[in-house]
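# Reading the structure
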Amino acid sequence: MMPNTPNRAHRVRRPLAGAAAAAVLSLAALTAGCGGGSSGPAAAPDIPMQQEIGTPEGRLDLVVWAGYAENGSNDKRADWVTPFTKATGCRVEAKVADTSDSMVALMQTGRYDGVSASGDATLRLVYGGTVAPVNTRLLSGYGDIAGFLKNQPYNSVDGQMYGVPHGYGANMLMYRTDKLAQRPTSWDVVWKKDSPASGHVVAYDSPIYIADAALYLKAHRPDLKIKNVYELDQKQFDAAIDLLKQQRPNVNQYWANYLDELQSFKSADNYAGTAWQVTANMAMDQRSPVATTIPSEGATGWSDTWMISSKAQHPACMYQWMNWITKPKVQAQVAQYFGEAPANPKACAYTAKGFCSTYHVGDPDFYKRLAFWRTPVKDCGDDRGSKCVDYSRWTQAWTQIKG
């Protein structure tokens, strides 16, 4: 178990007036740049790419998920910021963002040099002109990053990387082994009305959870012809919403804080639902009869990317940070503290025994089974054109589903 693992559930989008407004503006900029043909979104804004690291400016302002830039103040054993400052002279000021929408809004202020963005925020940052392309030739450890994490739809545009992969994980199916007679092989256990977990299902509290419904329909409703769970036309989207509404009476808890989910599984209030591996590890450490699996339909997941602001005041320090945070030993520290697979497989030389196998580090087959979070936009990316449902409507629908 990782010591004092922080609250990754801060990712969930709670209503934040300023952040929500900024998110809508950012999404509008993204969708406005999307054409109606099969060529996909228009070119990203023409922002210069840094050609050399230069002299460190002595300061670095970051927007981060909790646990990504620890300096020992929360846990003396978790400190990879102080050594970075000693090595580079860059003093780090980190602002913790509690949602992707908040993260986008903070970056749009121009006050921060870089961000640890998830896939449901990255394209908003790129097409909004908020971040600059990253010169991977300036990243000494870039060659060590797992190849299957590079040049993905959520961290690159037209072959140009907009950041460096940091860490990733799956939205697993967690279940109580004493309540379910057989190991689940399908997400049926959370979607079907007559499921043995009925009334004791737990679901992730975020509009992006609509993609989980689409993932299930992709396997069980071939007539819908869903190819990408983040590129849903109206018919596909409506089917996903109908499934979520059908599931609603069976859901005992929508979790926004992983500790709440942990407690509900420990007390046997919940039998099955979406969870992160770190939550299961903590439950098992506390002798709760739980297990995790990736069902036959696959699973959604998240992959985070360090990105540099197009208005960075301390770009040299940001590049120094991207070099530092991808070092094997530092990757191992962050991954174990946070509870995720490090992007650099060489980190496994510094992790606890069994950690990397538990988190499927460097396993491309595991990666291929995951549909990593992306920002839903109007352009479907195929011959359907601009007929897909964008993220603003995902947010509206989610509010209606929960009631």
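Structure shown above.
Residues numbered from 1 in each chain as written. Predicted model: local features only at pLDDT ≥ 70, side-chain atom pairs only at ≥ 80, totals over all residues. Heavy atoms only, no water.

### Considering helix α7 (residues 234-247)
The test is simple: A run of DSSP states H or I qualifies as a helix once it reaches four residues; a run of E qualifies as a strand once it reaches two. Both are numbered from the N-terminal end. Expected span, for any helix, means 1.5 Å times one less than how many residues it has. Exposure categories follow from relative accessible area, calculated using a 1.4 Å probe and restricted to protein chains: below 20% of the type maximum is buried, above 50% is exposed, and the middle band is partly exposed. When checking whether two residues touch, look at their non-hydrogen atoms; a contact exists if any pair is within 4.5 Å.
Here α7 is 14 residues long and its end C-alpha atoms lie 20 Å apart, about the 20 Å a rise of 1.5 Å per residue gives. Listed as buried for α7 are Q236, F237, A239, A240, I241, L243, L244 and Q247. Elements that come into contact with the buried residues of α7 comprise α5 (188-191), β9 (201-204), α6 (210-220), β10 (251-255) and α14 (391-402).

### A look at the packing of α7 against α14
Note the following rule: Helix axes are fitted only over the stretch in contact, all axes being lines through C-alpha atoms; the angle between N-to-C directions runs from 0 to 180 degrees. Roughly parallel means an angle under 35 degrees; roughly antiparallel, over 145; roughly perpendicular, 65 to 115; everything else is oblique. By convention, the crossing between two helices is left-handed when the near helix turns anticlockwise from the far helix through less than a right angle, and right-handed when the turn is clockwise. Throughout, the ten residues Ala, Val, Leu, Ile, Met, Phe, Trp, Tyr, Cys and Pro are labelled nonpolar, Asp, Glu, Lys and Arg are labelled charged, and all others, Gly among them, are labelled polar.
Running from amino to carboxyl end, α7 crosses α14 at an angle of 25 degrees, the nearest separation of the two axes being 10 Å. Accordingly, the angle class assigned to the pair α7 and α14 is roughly parallel. Here α7 runs over α14; the crossing is right-handed. For the pair α7 and α14, contact is made by Q234, F237, I241, L244 and K245 and by R393, W394, A397, W398 and I401, respectively. Of the residues assigned to the contact of α7 with α14, the class counts are 7 nonpolar, 1 polar and 2 charged.

### Overview of the packing of aromatic side chains
Going by this rule: Planes of paired rings set the category: under 30 degrees apart is stacked, over 60 is edge-to-face and the rest tilted, where pairs are Phe, Tyr or Trp rings (Trp by its six-membered ring) whose centres lie within 6.5 Å. Whether a charge sits over a ring comes down to the Lys NZ or Arg CZ being within 6 Å of the ring centre and within 35 degrees of the ring normal.
Applying the stated criterion across every chain, the model contains 23 aromatic pairs. Centre to centre, the rings of Y68 and F338 are 4.6 Å apart; their planes meet at 55 degrees, and the pair counts as tilted. Linking Y68 in the loop between β1 (59-64) and α2 (81-88) with F338 in helix α11 (residues 328-338), this pair joins segments that are 270 residues apart in sequence. Per residue, the accessibility class of Y68 equals that of F338, and both read buried. Aromatic pair F84 and W321: ring centres 5.0 Å apart, planes at 90 degrees, arrangement edge-to-face. Placement of the pair is F84 in helix α2 and W321 in helix α10 (residues 315-325), with a sequence separation of 237 residues. You'll find F84 and W321 in the same group, each marked buried. The residue whose ring lies beneath K150 is Y142, and the NZ or CZ to ring-centre distance is 4.1 Å.

### Side note on the environment of A272
As for its placement among the helices and strands, A272 is situated in strand β11 (residues 272-275). On the accessibility criterion, A272 (0% relative accessible area) is buried. Considered as a pair, A272 and L180 are 92 residues apart in the sequence and their alpha carbons are 8.7 Å apart. Setting aside chain neighbours within four positions, we find A272 in contact with L173, M174, Y175, L180, V189, V190, A197, H200, V201, V202 and F265.

### Notes on the pattern of salt bridges
Quick note on the threshold: What counts as a salt bridge is simple: a side-chain nitrogen of Lys or Arg found within 4 Å of a carboxyl oxygen of Asp or Glu.
Inspection of the entire model under this criterion finds 11 salt bridges. Residue E93 pairs with R91 through a salt bridge whose shortest N-O separation is 2.7 Å. According to the relative accessible area criterion, E93 is partly exposed, its value standing at 34%. Between D101 and R124 there is a salt bridge; the shortest N-O distance is 2.7 Å. With D101 in helix α3 (residues 100-108) and R124 in helix α4 (residues 119-127), the pair connects residues that are 23 residues apart, well separated along the chain. Of the two residues examined, D101 and R124, each falls in the buried class. Bridged by salt links that share partners, the residues D233, D382 and R384 form one connected network.

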